[in-house]
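# Summary of structural features
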Amino acid sequence: MKIVILDGYTSNPGDLNWDKLKELGDLTVYEYTKNQTEDVVERLQDCEIALTNKTVITKEIMEACPKIRYIGVLATGYNVVDMKAAAEHGITVTNVPGYSTQAVAQQAFALLLEICSHVAHHSSEVHSGRWSRGRDFCFWDYPLVELDHKTAGIIGFGQTGKAIGRVAKAFGMRVITCGSHETEEGKAIGEYVTREQLLRESDVIFLACPLNEETKDLICAETIAQMKDGVILINTSRGGTIVEQDLAQALKTGKIYGAGVDVVSVEPAQPDNPLLSCDNCVITPHIAWATKEARGRLIDIASENVRSFLDGAPVNVVA
């Protein structure tokens, strides 16, 4: 069985291995493949099992590569695959759910704590010699924000949202959510409220929701107007949940005190992205999922997905 990974570098730049997949077939790993039909077709022409992270597999590619029986997405989101075409061609598609839950929750609070404590800035100032030259025993350049007794509003209360909620509780925060499906597990972490109440009462708003018709452009001028003055916004979900120009305007006026985002609408971030002009917006390059531990789980689960498919009992199937 020929197995091809189209873009293996992102998941494994060399600090992990593909040994479990090598046990299952003739494995070829490409670091990167251009999102051009002819390039993808050339690499998938003779393979039965294709694995991809961000390289798109279209209907045209499937038609040109009739041997493909299985597409494994090396991520949770699977919008890189034409699902309708896969179904028409009898191709099994799987994803990797849940591998990065704790890593994403950790990154959400890394962004929040940077906004609240400005650790990187103050460390840089100390290394530059400012503290050594100082008159007083300490200094700070920004207001320092304490999270205890603040309200954390979490939009999206799946496993990642719940993980964020548990961390928020550990900081002494009140947790509220407008997740659509109430569960006993969720009730033990936070209080279910309406979206309007969440926007109105939250001191910090976390986006932990998938991108769909309901959440596209969720954070916009209209919803920002419903928020507290001085709210903090954290987005580790998808960039398309925010109208970035509206967020930039709110950051510049102070309506939103600070934002921390790991995702933007077009990635890599384009030079004209309005958030790049906001000093009170902390931006990381879509790395919340990318701890070594999480990437190791990703590869392990993806390998087991392939093994289960070959055994005739596929798991984590999305089509």
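This text goes with the structure placed above it.
Rules behind the numbers
- Residues numbered from 1 in each chain as written.
- Predicted model: local features only at pLDDT ≥ 70, side-chain atom pairs only at ≥ 80, totals over all residues.
- Heavy atoms only, no water.
- Buried < 20%, exposed > 50% of the residue type's maximum accessible area, 1.4 Å probe, protein only.
- Helix = DSSP H or I, 4+ residues; strand = E, 2+ residues; numbered from the N terminus.
- Pairing = 2+ DSSP bridges.
- Phe/Tyr/Trp six-rings, centres within 6.5 Å; stacked < 30°, edge-to-face > 60°.

What follows covers the pairing of strand β10 (residues 231–235). Burial within β10 is extensive, with 5 of its 5 residues counted as buried. The two faces of β10 match: Val231, Leu233 and Asn235 on one face and Ile232 and Ile234 on the other face are all buried. The pairing of strand β9 (residues 204–207) with β10 spans 4 bridges and is parallel. Considered in β10, the bridge of Phe206 is made with Ile234. Looking at chain direction, β10 and strand β11 (residues 256–261) are connected through 5 bridges and run parallel. Considered in β11, the bridge of Val231 is made with Ile256.

Attention shifts here to the packing of aromatic side chains. Two measures describe an aromatic ring pair: the distance that separates the ring centres and the angle between the ring planes. Inspection of every chain in the model, using the stated rule, returns 4 aromatic pairs. Geometrically, the ring pair formed by Phe109 and Phe171 is stacked, given 5.4 Å between the ring centres and 0° between the ring planes. Here the residue Phe109 occupies a position in helix α5 (residues 101–117), and Phe171 occupies one in the loop between α7 (159–170) and β7 (174–177), the gap between them amounting to 62 residues. Overall, the relative accessible area of 34% leaves Phe171 in the partly exposed class. Plain terms: the ring middles of Phe157 and Tyr192 are 5.9 Å apart, the flat faces sit at 90° to each other, and that makes the pair edge-to-face. Taken together, the positions of Phe157 in the loop between β6 (151–155) and α7 and Tyr192 in strand β8 (residues 191–192) put the pair 35 residues apart, joining distant regions of the chain. The exposure class of Phe157 is buried, given its relative accessible area of 8%. What makes Tyr192 buried here is its relative accessible area of 15%.

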